[in-house]
Amino acid sequence: MNRNDECWCGSGKKYKKCHEAFDERIKEMKFDFMRGQVRPPRKLINNAADIAAVRAAGVVNDGALDLAAGMMRPGVNTESIDDAIADYLTAKGAVSADKGFEGYPKNTCISINDVVCHGIPSKKTILKEGDIVNVDITTKYNGYFADASRMYIVGGHADANAERLVRVSRECMELGIAAAKPWHFLGDIGAACGTHARENGYSVVTDLGGHGVGKGFHMEPFVPHTGQPDTGMLLVPGMILTVEPMINEGTYKVTVDKKDGWTVRTKDKKLSAQWENTILITETGVEILSS
Ligand code: MF3
Ligand code: CO
Ligand code: CO
């Protein structure tokens with residue numbers, strides 16, 4: 001690429017004023033292939049306009065999660081929550097990325113107690129006092145995606161062990177995010193999540209993980225929530241990822257419902273909890289784009 005050409009990132013700026021120094025820095029780095037260290041492909045680097053668009057999708061997504069908070073009462077069926085969120089997204093000029101994704105039938109995932117993720121909202125699934133509930137929403141807005149989930153406790157209180165799982169799983173996500181640093185490696189995130197989970201006697205789901213997001217819904221890289229620091233893809237400014245640890249009381253093993261093909265449950269029927277944020281890797285650390 002010529003120094004006076006337009007930068008490959010699509011910013012419209014000259015290469016020498018945009019990603020030239022960035023490319024030089026990557027070129028000078030030594031990648032340890034034994035640790036699975038790889039350079040990120042250029043398609044994962046978002047420019048300022050891309051970032052602004054994901055930020056805007058994140059604002060809508062956060063608003064939808066706020067709306068769910070007000071509906072976490074005993075007796076409410078999860079389809080009514082899904083409907084309310086769909087209406088909210090429509091009112092904002094956005095759509096659910098879930099609906100129709102690989103045939104997924106609803107707008108959100110609502111996963112209760114032993115359901116790890118991908119719980120399908122249904123009229124027949126009725127919230128009860130003390131349930132721990134994950135609501136996961138991915139908003140598509142002006143062609144860009146933001147993905148986040150939160151835990152809610154129906155009625156405000158659950159068993160002490162359930163409340164502890166909800167708290168620790170949130171801490172796992174937060175520590176994972178705090179470990180994400182530009183010019184360091186992806187494995188740092190999972191190492192931080194996994195260490196905290198195990199220190200608290202919990203296991204980490206490995207069959208599912210986080211992902212790149214932004215210009216697409218599920219992009220590279222796969223983000224593991226356990227593993228070794230200093231491994232995997234290099235994190236660089238402009239990458240957007242989710243951190244979304246699924247933390248289990250008992251075994252890390254999960255099953256997929258044979259009838260609906262989606263609902264993921266713990267194999268031992270013990271509790272599972274998950275929090276998810278969409279984060280941007282910046283020059284100095286991270287910015288949370290949806291939470
Ligand atoms: N939002 C989920 C994630 O965190 C994906 C849900 S896909 C669906 O990656 F089809 F189940 F909705
Ligand atoms: Co999600
Ligand atoms: Co996600």
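Our structure is the block above this text.
Our subject in this report is the structure included herewith. This one's a predicted model, so the numbers in the text were calculated from it and none came from an experiment.

### Brief notes about empty space enclosed by the protein
Here is step 1 of the chain: Under the criterion given, the structure shown has one cavity of 30 Å³ or more.
Here is step 2 of the chain: What the largest cavity holds in volume is close to 50 Å³.
Here is step 3 of the chain: Lining the largest cavity, in full, are Lys 43, Leu 44, Asn 46, Gly 212, Val 213, Lys 215, Met 219, Glu 220, Pro 221, Met 239, Ile 240 and Leu 241.
Here is step 4 of the chain: Sorting the residues of the lining of the largest cavity by element identifies β8 (219-223) and β9 (240-243) as the ones contributing at least two each.
Here is step 5 of the chain: Top element by residues in the lining of the largest cavity is β8. It accounts for three residues.
Here is step 6 of the chain: Partitioned by chemical class, the residues of the lining of the largest cavity number seven nonpolar, two polar and three charged.

### A look at helix α5 (residues 187-199)
Here is step 1 of the chain: Over its 13 residues, α5 runs 18 Å from end to end, which matches the ideal 18 Å to within 8%, given 1.5 Å per residue.
Here is step 2 of the chain: For α5, the full list of buried residues reads Gly 187, Asp 188, Ile 189, Gly 190, Ala 191, Cys 193, Gly 194, His 196 and Ala 197.
Here is step 3 of the chain: Each element contacted by the buried residues of α5 is listed here: α4 (160-178), β6 (203-204), β8, β9 and β10 (246-248).
Here is step 4 of the chain: Positive phi shows up at Gly 201, right after α5, with a value of about 85°.

### Remarks on the packing of aromatic side chains
Here is step 1 of the chain: Scanning the entire structure with this criterion turns up six aromatic pairs.
Here is step 2 of the chain: Here the aromatic rings of Tyr 104 and Trp 262 are separated by 4.9 Å at their centres, their planes lie at 85°, and the arrangement is edge-to-face. Of this pair, Tyr 104 sits in the loop between β1 (95-96) and β2 (109-112) while Trp 262 sits in the loop between β11 (254-256) and β12 (264-266), placing them 158 residues apart in sequence. An identical accessibility class is assigned to Tyr 104 and Trp 262; each is buried.

### Here's the deal with the site of ligand 1
Here is step 1 of the chain: In the vicinity of ligand 1 there are 14 residues, among which Asp 98, Asp 136, His 218, Glu 244 and Glu 276 approach most closely.
Here is step 2 of the chain: In the model, a nitrogen atom of ligand 1 is placed 3.3 Å from a nitrogen or oxygen of the Thr 138 side chain.
Here is step 3 of the chain: Separating an oxygen atom of ligand 1 from a side-chain N or O atom of Glu 276 is a distance of 2.9 Å.
Here is step 4 of the chain: Surface burial for ligand 1 is 97%, taken as the share of its 340 Å² of free accessible area covered by protein chains.

### Concerning α4
Here is step 1 of the chain: The terminal C-alpha atoms of α4 lie 27 Å apart, and with 19 residues this matches the ideal 27 Å at 1.5 Å per residue to within 8%.
Here is step 2 of the chain: Along α4, the residues that are buried comprise Ala 162, Leu 165, Val 166, Val 168, Ser 169, Cys 172, Met 173, Gly 176 and Ile 177.

### Comments concerning the packing of α4 against α5
Here is step 1 of the chain: Packing of α4 against α5 leaves a shortest axis separation of 7 Å and a crossing angle of 155°. Relative to α5, α4 is oriented roughly antiparallel. With respect to the hand of their crossing, α4 and α5 are arranged in right-handed fashion. Touching Val 168, Glu 171, Cys 172, Leu 175 and Gly 176 of α4 are Ile 189, Ala 192, Cys 193, His 196 and Ala 197, all from α5.
Here is step 2 of the chain: Residue composition of the contact of α4 with α5, by class: seven nonpolar, two polar and one charged.

### Side note on the coordination of the cobalt ion (ligand 2)
Here is step 1 of the chain: Within the protein, the atoms that donate to the cobalt ion (ligand 2) are Asp 136 (OD), Asp 136 (OD), Asp 147 (OD) and Glu 276 (OE), at distances of 2.0 to 2.4 Å.
Here is step 2 of the chain: Around the cobalt ion (ligand 2), the six donor atoms are arranged such that angles at the metal cover 58 to 166°; this shape is classified as irregular.
Here is step 3 of the chain: Mapped onto the polypeptide sequence, the residues donating to the cobalt ion (ligand 2) form the spacing pattern D-x10-D-x128-E.

### Concerning the pairing of β2
Here is step 1 of the chain: Every second residue of β2 is oriented toward a common face, with Cys 109 and Ser 111 on one face and Ile 110 and Ile 112 on the other, all of them buried.
Here is step 2 of the chain: In this structure, β2 lies alongside strand β4 (residues 132-141), joined through four bridges in antiparallel fashion. Each bridged residue has a counterpart across the sheet, and for Ser 111 the counterpart in β4 is Asn 134.

### Side note on the coordination of the cobalt ion (ligand 3)
Here is step 1 of the chain: Of the protein atoms, only Asp 147 (OD), His 211 (NE2), Glu 244 (OE) and Glu 276 (OE) coordinate the cobalt ion (ligand 3), at distances of 2.0 to 2.2 Å.
Here is step 2 of the chain: Around the cobalt ion (ligand 3), the six donor atoms sit at angles spanning 51 to 163°, and that spread fits a shape best called irregular.
Here is step 3 of the chain: By relative accessible area, which is 0% here, Glu 276 ends up buried.

### A word on the state of the cysteines
Here is step 1 of the chain: Considering all chains together, one arrives at zero disulfides under this definition.
Here is step 2 of the chain: In this structure Cys 18 is a free cysteine whose sulfur lies 3.6 Å from that of Cys 9, the closest cysteine sulfur available.
Here is step 3 of the chain: On the basis of relative accessible area, Cys 18 is assigned to the partly exposed category, the value being 22%.
Here is step 4 of the chain: The thiol of Cys 172 is not disulfide-bonded; the next cysteine sulfur, from Cys 193, is found 6.0 Å away.

About the cut-offs
Residues numbered from 1 in each chain as written. Chains lettered and ligands numbered in written order. Predicted model: local features only at pLDDT ≥ 70, side-chain atom pairs only at ≥ 80, totals over all residues. Heavy atoms only, no water. 1 Å grid on protein atoms, 1.4 Å probe; cavity = no way out; pocket = protein on both sides within 12 Å on 5 of 7 lines; lining within 4 Å. Points joined across faces, edges and corners; volume = space filled by probe spheres on them. Helix = DSSP H or I, 4+ residues; strand = E, 2+ residues; numbered from the N terminus. Nonpolar A, V, L, I, M, F, W, Y, C, P; charged D, E, K, R; others polar. Expected span 1.5 Å × (residues − 1). Buried < 20%, exposed > 50% of the residue type's maximum accessible area, 1.4 Å probe, protein only. Contact = heavy atoms within 4.5 Å. Phe/Tyr/Trp six-rings, centres within 6.5 Å; stacked < 30°, edge-to-face > 60°. Near = heavy atom within 4 Å. Polar contact = N/O pair within 3.5 Å; in protein donor to acceptor, adjacent residues only side chain to side chain. Areas by Shrake-Rupley, 256 points an atom, 1.4 Å probe, with all protein chains shown as cover. Axes fitted to C-alpha atoms, helices over the stretch in contact; angles between N-to-C directions. Parallel < 35°, antiparallel > 145°, perpendicular 65-115°, else oblique. Left-handed = near helix turned anticlockwise from the far one by under 90°. Donors = N, O, S within 2.8 Å, 3.2 Å for Na, K, Ca; no water. Tetrahedral: all angles 85-135°; square planar, octahedral: opposite > 155°, others 65-115°. Pairing = 2+ DSSP bridges. Disulfide = S-S within 2.5 Å.

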